[in-house]
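# Residue-level structural notes
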2 protein chains.
Amino acid sequence: MSETQKPVKPRIDTMEHLSAAIGVSRPTLSRYFQDPERVSRTSRERIEQGLERVEYVPNFFATRMNRASTGMIGVIIPYLNDLFFSRLLEAIELAAMEAGYSVITKCSHSDPAIEARAAETFMSMNVDGALVAPLGNHSDLTVHERLRSRLPFVMVDSQPEVMTEVDFIGTDHMQSTGLATEYLARVGGPPIFLAMPRVNFNAMARERAYVAKMEELGLESEVIGTELINDHWHFEAHGMAVLDAEFSKGRFTDRSILCVNDRVAIGALKAAAAHGLEPGAMRKGGLRIAGHDDYPLCPFLTPTLTTVAQNVDAIGEAAVTCLIENIRGEKSSPEQTVKLFEGVMKMRNSA
Amino acid sequence: MSETQKPVKPRIDTMEHLSAAIGVSRPTLSRYFQDPERVSRTSRERIEQGLERVEYVPNFFATRMNRASTGMIGVIIPYLNDLFFSRLLEAIELAAMEAGYSVITKCSHSDPAIEARAAETFMSMNVDGALVAPLGNHSDLTVHERLRSRLPFVMVDSQPEVMTEVDFIGTDHMQSTGLATEYLARVGGPPIFLAMPRVNFNAMARERAYVAKMEELGLESEVIGTELINDHWHFEAHGMAVLDAEFSKGRFTDRSILCVNDRVAIGALKAAAAHGLEPGAMRKGGLRIAGHDDYPLCPFLTPTLTTVAQNVDAIGEAAVTCLIENIRGEKSSPEQTVKLFEGVMKMRNSA
DNA sequence: CGTAAATATGGACGCGTGTAAAAAAGGGAG
DNA sequence: CTCCCTTTTTTACACGCGTCCATATTTACG
């Protein structure tokens, strides 16, 4: 807190002036700022000495103007107010930083128009590549087409069925949701599936995975929550509203309920509590609630939420790696790369 | 989903070529892209007609090079994995968008070095101004000094005590925390304060506000949780660890507990549940737990969390407005602007 | 239809840096 | 000391577009 008050350094705003100020040619300065190793040791020392005495930062735009690679990758995500996406974003940022890229993030707020604008911005910025966690059905596919035709481009987390030529990194929902389904079927009765209105690719994929696994197990599948109740379209509110309605009719109070994701499960837990039900505890009839994603708050809920964790760090890193391979033209095969990571059960108290 | 397959438009990558392609001079195109109203109707129609036939987006960097205003404001926030900051960010983005500015966000991950780099980046990008939610004690104040001397600059959410000349927009913690303190003192016994290690300005401000209010009420204040337990430094884990330790000693089980923020309160609720305590319910001795911020999940916790809500939307909008006034030199008075918004009690079940 | 005023347009220059090629400087071996 | 090779500097041009200013075009008005 008690910083020694450094004297204000004189400000220099072009390399030209800096060159004059410290007696090194401008091209040499240019090379120095791109990579200090590219100039001789003597020049480097002189430059660093000079930088101690004056205030200068290269102009961001000018440096990116006439350069083959901007060293930036664009990331589009649908929500920011979802801890799953913030975790994914952190993983991506970390991986990108280590690879020497800086990321520029745009949040679409789940609005196709904003998503489109973000894509335009990325193209006009000559980003080296883009990572996109697409919206659901409302996503404007023409935008993605244009993006793809102009720059390296990898989908993350959620994959539109129709885009079969774009690389994709995400979770193997057949495996992860299957895992949870199987677990619930084993420890309790046949699980039902608490879904969402079908506007999101992942949600649909998980629903299908549940149905497939139930079929495999020879059990009858039952999906609820595909209709919107009470105009609630926040995940937690949706889960709560759907289950509250069901519990009020006395239904499903002793069943195993697999929720499409943890945020819906949080609402489900709340509905259970409101009806005096204690998920996971056998004494009140065997109600079980499980989620998907391993939301950071799961261990702090009451009861703690059993869920299947996505390998977010691996997904983020693989996405960046894959994108960079595309950028450098190092792709091993020309065909579509699809990398799916497995989910891991997190056994807690709710199921 | 079933988009008609549009033919791929020929791509044009400079205004020069575009000019040749549609028979309008380049300067006219330049004006058109800045504001379509700045060219004659005939030219506008010709341009728009041409744009239908070819694919072109102006180069982001080139457009910002030789222009007085870049139309961008930089935002630095400490965390992304905190729903309070994502809400604040959304409010800021919305306000900025409406004012015609685009925002570029950098997350410091609570690392002073990254914070410093973000500030450098903003300066090198010639952003019109910056909005900073600073870190705590570790924040590098010299960086902020440099930022301030180079561009319009407003602090949000959290205010370093030493920076008395920078505009600040945030919550009036004396009022908001005082409100919660008073409420708890009224409905239950004298509240204690569950704090955090003292590394964050807001946390310290709230702690002080609590102490002051208690003094005003003639009650004895008691603060716990200023020491780090078990290396837990996530907010929820901290709250849980501190209260778990206390409850294990049989302490505070029938007290009112005001938590420094909702994330700590979530951990506190969990600790209570783990010890079979039901906050808010009188029957088990009058344990009460309240938080601060109105985290979006509060209504879905069990019990629902009583808290005091910050006016996030107002803060975001006021911050943008204040920054823009600074940018345009429209500030009414040359002295520091400080705008504090009041908190509002959200009475729920936990207290 | 003619003329002055208003407006739109195009030519020229500049923005701050990257980069290639040519010229100069430095460094070592003989 | 000379010659050759490696770095560095110079010189020059390029990047794509903003903006000024002189000129061409349109509009308004009589």
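It should be noted that the structure appears before, not after, this text.
In every chain, residue numbers begin from 1 and rise along the written sequence. Chains carry letters and ligands carry numbers; both start at the beginning, A for chains and 1 for ligands, and go up in the order they are written. With pLDDT at 70 or above as the cut-off, local features in this predicted model cover only qualifying residues; side-chain atom pairs require 80 or more to be listed or tallied, and sums for whole chains, interfaces and linings still use all residues.

## Quick notes on the nonpolar core
We define a nonpolar core as a collection of buried residues of the types Ala, Val, Leu, Ile, Met, Phe, Trp, Tyr and Cys that are connected via C-beta atoms lying within 7 Å of each other. Any residue with 12 or fewer other C-beta atoms within 10 Å of its own C-beta is exposed, any with 20 or more is buried, and the rest are partly exposed; the C-beta atoms used are placed from the backbone. In this structure, Leu194(A), Ala268(A), Ala319(A), Leu194(B), Ala268(B) and Ala319(B) are the most contacted members of the largest nonpolar core, which totals 171 residues. Note on contacts: residues are paired as contacts if their backbone-placed C-beta atoms lie within 7 Å. Once residues lying within four places of it in the same chain are set aside, the contact partners of Ala268(A) are Leu194(A), Gly239(A), Met240(A), Leu243(A), Ile257(A), Cys259(A) and Ile289(A). One finds Ile22(A), Val24(A), Tyr32(A) and Ile47(A) within the second-largest nonpolar core, a separate group that totals ten residues.

## Brief notes about the relation of the copies chain B and chain A
What relates the pair of chain copies is a rotation about an axis plus a shift along that axis. In screw terms, the move from chain B to chain A is a rotation of 180° and a rise of 0.0 Å along the axis, fitting with an RMSD of 0.1 Å. Here the two chains are linked by the operation of a two-fold rotation axis. Rotation axis and chain B: the residue whose C-alpha lies nearest the axis is Phe61(B), separated from it by 2.5 Å. With an isologous cut-off of 70% or more, the 100% of interface residues of chain B that recur at the interface of chain A puts this contact in the isologous class. The copies were overlaid with a least-squares fit restricted to C-alpha atoms from residues scoring a pLDDT of at least 70 in each copy.

## A short note on the protein's contact with DNA strand C
By definition, a residue lies near a molecule or strand provided its backbone-derived C-beta atom is within 6 Å of it. Inspection of the region around DNA strand C gives 25 residues, with Ser30(A), Asn59(A), Ala62(A), Ser25(B) and Ser43(B) positioned closest. Runs of E in the DSSP output that reach at least two residues are strands. Runs of H or I that reach at least four are helices, and both are numbered from the N terminus. With four residues, helix H2 (residues 26–34) of chain A is the largest single contributor of residues to the surface near DNA strand C. In this classification, the charged set is Asp, Glu, Lys and Arg, the nonpolar set is Ala, Val, Leu, Ile, Met, Phe, Trp, Tyr, Cys and Pro, and all remaining amino acids, among them Gly, are polar. The class makeup of the residues in the surface near DNA strand C is eleven nonpolar, eleven polar and three charged.

## Quick look at the packing of helix H5 (residues 83–98) of chain B against helix H12 (residues 312–328) of chain B
All names here are of chain B. Running from N to C, H5 and H12 cross one another at 45°; their axes reach a closest spacing of 8 Å. The angle between H5 and H12 places the two elements in the oblique class. Crossing of H5 against H12: the hand is right-handed. Contacts between H5 and H12 involve Arg 87, Leu 88, Ala 91, Ile 92, Ala 95 and Ala 96 on the former and, on the latter, Val 312, Asp 313, Ile 315, Gly 316, Glu 317, Ala 319 and Val 320. Tallied by class, the residues present in the contact of H5 with H12 amount to nine nonpolar, one polar and three charged. The axes are straight lines fitted to the C-alpha atoms, using for helices just the contacting stretch, and the angles between their N-to-C directions are given from 0 to 180°. For classification purposes, angles smaller than 35 degrees are called roughly parallel, those larger than 145 roughly antiparallel, those between 65 and 115 roughly perpendicular, and all remaining angles oblique. Left-handed describes a crossing in which the near helix is turned anticlockwise from the far one by less than a right angle; the clockwise case is right-handed.

## Quick look at the interface of chain B and chain A
If you look at the interface, chain B gives 41 residues, while chain A gives 41 residues. For the side of chain B that touches chain A, the secondary-structure elements that each account for two or more residues are helix H4 (60–65), H5, helix H6 (112–124), helix H7 (141–150), helix H10 (235–248) and helix H11 (262–274) of chain B. Per-class residue counts for the side of chain B that touches chain A are 22 nonpolar, eleven polar and eight charged.

The values reported here are purely geometric and, on their own, carry no functional implication.
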